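What follows is each chain in one-letter form.
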Amino acid sequence: MTTQFAPDHLEEKISVELTREEALALTGVRFHSGHKIEIDARKKIRTAFEKTFDIAADRTE
């Protein structure tokens, strides 16, 4: 999925609350508990984007 935002959206910020393990997993640290930690962190970020921005309205196809 590739989404392009209008120039006025480029500087907008979102907030996502991650656990320490989720934040570390996104930097590339690997855990014995598997890939689930990184997946959960990415889902949180994606959900925050969907709540903050109307992705469908900004999508250029």
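Before reading further, recall that the structure is shown in the block above.
Residues numbered from 1 in each chain as written. Predicted model: local features only at pLDDT ≥ 70, side-chain atom pairs only at ≥ 80, totals over all residues. Heavy atoms only, no water.

## Some words on the overall build of the protein chain
When helices and strands are tallied, the protein chain shows 3 helices and 0 strands. Each helix (α) and strand (β) of the protein chain, taken in turn from the N terminus, gives the series α-α-α. Counting every position in the protein chain, which comprises 61 residues, the buried fraction comes to 16%. With the model as given, the accessible surface of the protein chain reaches about 5200 Å², and the carbon-plus-sulfur share is 52%. (Helix = DSSP H or I, 4+ residues; strand = E, 2+ residues; numbered from the N terminus. Buried < 20%, exposed > 50% of the residue type's maximum accessible area, 1.4 Å probe, protein only. Areas by Shrake-Rupley, 256 points an atom, 1.4 Å probe, with all protein chains shown as cover.)

## Section: the side chain of Glu-22
Considering the arrangement of structural elements, one finds Glu-22 in helix α1 (residues 20-26). Every residue in contact with Glu-22, bar those within four places of it in the chain, is listed here: Glu-17, Ile-37, Asp-40, Ala-41 and Lys-44. (Contact = heavy atoms within 4.5 Å.)

## Notes on helix α2 (residues 36-52)
Taking 1.5 Å of rise per residue, the 17 residues of α2 would be expected to cover 24 Å, and the 24 Å separating its terminal C-alpha atoms lies within 8% of that figure. For α2, the full list of buried residues reads Ile-37, Glu-38, Ala-41 and Ala-48. Viewed along the axis of α2, the buried residues span an arc of 105°, placing them on a single side of the element. The exposed residues of α2 that point more than 90 degrees off its buried face are Lys-36, Arg-42, Lys-43, Arg-46, Glu-50 and Lys-51. Those residues of α2 that are buried are in contact with α1. (Expected span 1.5 Å × (residues − 1). Arc of directions from axis to C-beta.)

## Brief notes about the side chain of Glu-38
With respect to the helices, strands and loops of the structure, Glu-38 is situated in helix α2. Since its relative accessible area comes to 9%, Glu-38 is described here as buried. Among the polar contacts listed, one links the side chain of Glu-38 to the side chain of Arg-42, at a separation of 2.8 Å. With near-sequence residues (within four places) excluded, Glu-38 lies in contact with Ala-25, Leu-26 and Arg-30. (Polar contact = N/O pair within 3.5 Å; in protein donor to acceptor, adjacent residues only side chain to side chain.)

## A look at the pattern of salt bridges
In the structure shown here, the tally under the stated rule is 4 salt bridges. Here Glu-38 and Arg-42 are joined by a salt bridge, their closest N and O atoms 2.8 Å apart. Of this pair, Glu-38 and Arg-42 both sit in helix α2, 4 residues apart, which is roughly one turn of the helix. Linked by salt bridges that have partners in common, Arg-30, Glu-38 and Arg-42 make up one network. (Salt bridge = Lys/Arg side-chain N within 4 Å of Asp/Glu carboxyl O.)

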